[in-house]
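What follows is the residue order along each chain.
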Amino acid sequence: MNPLREHELLINRRHFFGRTAAGLGAAALGSLLNPNQFSAFGAEPDTAQTILGEPHFAPKAKRIIYLFMAGGPAQMDLLDYKPTLEKLHQTELPDSIRMGQRLTGMTSGQKNFPVVKSMFKFTQHGKCGAWVSELLPHISQIVDDIAIVKTVNTEAINHDPAITFIQTGFQQPGRPCTGSWLSYGLGNENKNLPAFIVMISSGKESDQPLYTRLWGAGFLPSEYQGVQFRGGNDPVLFLSNPPGIDPATRRRMLDGMAKLNAKQHETYQDPEIATRIQQYEMAFRMQTSVPELTDFRNEPKHIFDLYGIKAPGASGFAANCLMARRLAERGVRMIQLYHRAWDHHGNIEKDMPVSAKDVDQATAALIKDLKQRGLLDDTLILWGGEFGRTPMGQGSGRDHHILAFSIFMAGGGVKPGIAYGNTDELGYRSVENVVNVHDLHATMLYLLGIDHKRLTVKYQGLDARLTGIAGELVKGIVA
C-alpha cells in the first residue's frame, strides 16, 4: 500500500476537527501578546483538547491531587486498628485466615507465619471517632475532613505490576494512566501549564524504581502524558533559553517549526505531529508561567510553618505539597505526587516512623490549606499506596498484601468523617464493602463528572477504557 494512503486511513473526524495544526503558532503568539484576557493565573478552558466536550453529568470535583505512597504502607500500623493482633502476637496465623492465599517469593519459603502486633499506639480522634496511629498526629487532626477506606483489594502482589495496576487499571505496561485519561476526557483549564503534572520525592526506604510509563499516555496521543517537575529551582529541564537566545528569537524559531510540522500534518494526518506542535507551544508559554509558579517567596511564613518547609528553595514531599496547592489554584487537572518510602520488609519499628513523619504534616497541611482557600470542595484528594502489608511478620518487617489495605480520600464530593468497610479481626481480609482498584477508578471518574463506561478509545478493535470491563461506583463514600 502507498505509505501516503496508509496514513490517510488513520484520520477520523475527531482528529480532523481537533488536531488541525495550521495557525497554532499565531494563536499562541496572540495569547501571549494579550495575557490580560485571562484570569489572575492565566487560566482559560482549552476546549480544543476536550474529547467529551463536557462532563457526562455535573461534576463534584474539577481536579485530583493524588498522593501516592510507593512501597505499600502497612494498614494495621496506620489506619486500620486491630487490637486482636496484640492478643495473638507471636502465635501462628490460623489456616482459616490465610486459606492458601498467595504469598510473595520472599516469604513463601517460611515455615512459620507468626502474627505480629502493631508496635504503635492507636487513639480515637475527631467527632467521627476514627482510630488513627500515633505515627500520624497531623492527619489525626483532620479525620473529620477525610474518608478512610479500609477494604481496598488489588490483584498484583509485587511492586511493579501493582503500581502499574493502580495507576493504569492493568498490570501490563502500555496502558494510559489515570491522569492521561482525565486530560484526554476533560482537557486543560490552563493554557500556560500542562493538564497533568507529576512530582517525585523519596524517603529512607526509596529503593523501588518509578518508571516514566506510570504517567505515560499509553495508546492515547502523547499530548496527554504527565509532565514531570523536578525539585529545586529548575523544575523543568531545558525550559530556559540558552545563552544568546531571547524570547523573540525563540518565538520566530517556533513559528518556523510550526509551519514545517503543519505541512507534515496535512500530508500524514498523524496526531503525534500535532502533539509535537502543541508541546513546543506549551513549553514556550511555560517559560513565563513556571518561574512565577515555582517562586515561593510570596508565600507567608505561616504557610511554610503549616507545611513544615524550612526555606522557600527547599525540595521534598512538603515542598511538593505546597506546589500541588499552587497548581490546583491554577487549574491543573491532575497533580500526582509520588513518595518512595514505604517498602518495610524489615526494621519497621524504626523506619516506619521516619516514613510517616516525611508525609504526615504536609499531607494534613495541604488539606487544611485547600479548605481555607475554598478549594477543597472541588479538589479530590487521594492518599495511599499500591497494596498493603501482612498481619504476620517477615522478620522485623511485613510482606506485601493484596486482600486488604487502607487509603483515604478528601474533598471533591467525598463524604467527610467516615470509615468505609471492615476487615477481619487481623486486618487480613476485606469482609464488608470491598473496594477493588477498578471500583476506585470508577469512583474517581464519577466525582469528576465522567461515566467510566463511556470514556473510551478504540484500541486493537476494542473500546478500551480505564476500568477495563469492571468497576462500580462506591456510593457509600460519595456525599
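Residues numbered from 1 in each chain as written. Predicted model: local features only at pLDDT ≥ 70, side-chain atom pairs only at ≥ 80, totals over all residues. Heavy atoms only, no water.

A. Representation of the pattern of salt bridges within the structure. Evaluated as defined, the whole model comprises 18 salt bridges. Here Arg325 makes a salt bridge to Glu329, at a shortest N to O gap of 2.9 Å. Here the residue Arg325 and the residue Glu329 both occupy positions in helix H12 (residues 317-329), the gap between them amounting to 4 residues, near one helical turn. On the basis of relative accessibility, which here comes to 24%, the residue Glu329 falls in the partly exposed class. What emerges from the salt-bridge pattern is a single network uniting Glu292, Glu299, Arg325, Arg326, Glu329, Arg330, Asp369 and Arg373. (Salt bridge = Lys/Arg side-chain N within 4 Å of Asp/Glu carboxyl O. Helix = DSSP H or I, 4+ residues; strand = E, 2+ residues; numbered from the N terminus. Buried < 20%, exposed > 50% of the residue type's maximum accessible area, 1.4 Å probe, protein only.)

B. View of the pairing of strand S11 (residues 388-394). Along S11, 7 of the 7 residues are buried, which leaves the element largely enclosed by surrounding structure. When S11 meets strand S12 (residues 397-401), the two strands line up antiparallel, connected through 4 bridges. Bridging across to S12, Arg389 finds its partner in His400. Hairpin connection, S11 to S12: the antiparallel pair is bridged by 2 residues, and Gly395 has positive phi, about 65 degrees. (Pairing = 2+ DSSP bridges.)

C. Geometry of the pairing of strand S10 (residues 379-384). Counting buried residues along S10, 6 of its 6 residues qualify, which places the element largely inside the surrounding structure. Judged by which residues are buried, S10 turns out to be covered on both faces: Thr379, Ile381 and Trp383 on one side and Leu380, Leu382 and Gly384 on the other are all buried. Two elements, strand S2 (residues 63-70) and S10, share 6 bridges in a ladder whose sense is parallel. Note on S10: the bridge partner recorded for Tyr66 is Leu382. Pairing of S10 with strand S13 (residues 405-410), which is carried by 3 bridges, proceeds in the antiparallel orientation. If you follow Leu382 over to S13, its bridge partner there is Met409.

D. Summary view of the nonpolar core. Ranked by size, the top nonpolar core spans 74 residues in total, and within it Ile65, Leu67, Leu327, Ile335, Trp342, Ile381 and Trp383 carry the most contacts. Among the elements that take part in this core, helix H13 (residues 348-372) stands out by supplying 10 residues, more than any other. (Core = buried A, V, L, I, M, F, W, Y, C linked by side-chain atoms within 4.5 Å.)

E. Here's a closer look at helix H9 (residues 247-268). In a regular helix each residue adds 1.5 Å, so 22 residues correspond to 32 Å; H9 covers 31 Å between its end C-alpha atoms and thus fits that length. Among the residues of H9, Thr249, Arg250, Arg251, Leu254, Ala258, Asn261, Ala262 and His265 are the ones counted as buried. Backbone geometry just downstream of H9 places Gln269 in the positive-phi region, at approximately 55 degrees. (Expected span 1.5 Å × (residues − 1).)

F. Expanded view of the side chain of Asp343. Mapped onto the secondary structure, Asp343 falls in the loop between strand S9 (334-340) and H13. Judged by relative accessible area, Asp343 falls into the buried class, the value being 8%. Polar side-chain contacts of Asp343 include one of 3.0 Å to the side chain of His159. At 2.9 Å, the side chain of Asp343 forms a polar contact with the side chain of His345. (Polar contact = N/O pair within 3.5 Å; in protein donor to acceptor, adjacent residues only side chain to side chain.)

G. Expanded view of the environment of Glu425. Turning to its location among the elements, Glu425 is positioned in the loop between strand S15 (422-423) and strand S16 (430-432). Residues within four places of Glu425 in sequence aside, it is in contact with Lys82 and Thr84. (Contact = heavy atoms within 4.5 Å.)

H. Inspection of the packing of helix H7 (residues 159-168) against helix H14 (residues 437-447) at higher detail. Contact pair H7 / H14: the axes reach a minimum separation of 9 Å and the direction vectors enclose 30 degrees. Viewed along their axes, H7 and H14 adopt a mutual orientation that is roughly parallel. Residue-level contacts link Phe165, Ile166 and Thr168 of H7 to Val437, His438 and His441 of H14. (Axes fitted to C-alpha atoms, helices over the stretch in contact; angles between N-to-C directions. Parallel < 35°, antiparallel > 145°, perpendicular 65-115°, else oblique.)

I. Representation of the packing of aromatic side chains within the structure. In total, this model carries 12 aromatic pairs according to the counting rule given. Summarising the aromatic geometry, the rings of Tyr66 and Phe68 are spaced 5.7 Å apart at their centres and angled 85 degrees between planes, so their arrangement reads as edge-to-face. Between Trp181 and Phe219, the ring centres sit 6.4 Å apart and the planes meet at 80 degrees, which makes this aromatic pair edge-to-face. Linking Trp181 in helix H8 (residues 178-186) with Phe219 in the loop between strand S7 (196-202) and strand S8 (227-229), this pair joins segments that are 38 residues apart in sequence. Grouping aromatic residues by their ring pairs yields a cluster made of Trp181, Tyr184, Phe219, Tyr224 and Tyr459. Taking NZ or CZ as reference, Arg98 lies 5.2 Å from the ring centre of Phe113, over its face. Arg175 extends its terminal NZ or CZ atom over the ring of Phe170, reaching a point 3.7 Å from the ring centre. (Phe/Tyr/Trp six-rings, centres within 6.5 Å; stacked < 30°, edge-to-face > 60°. Lys NZ or Arg CZ within 6 Å of the ring centre and 35° of its normal.)

From the geometry alone we can't say anything about function, so treat these as descriptive.
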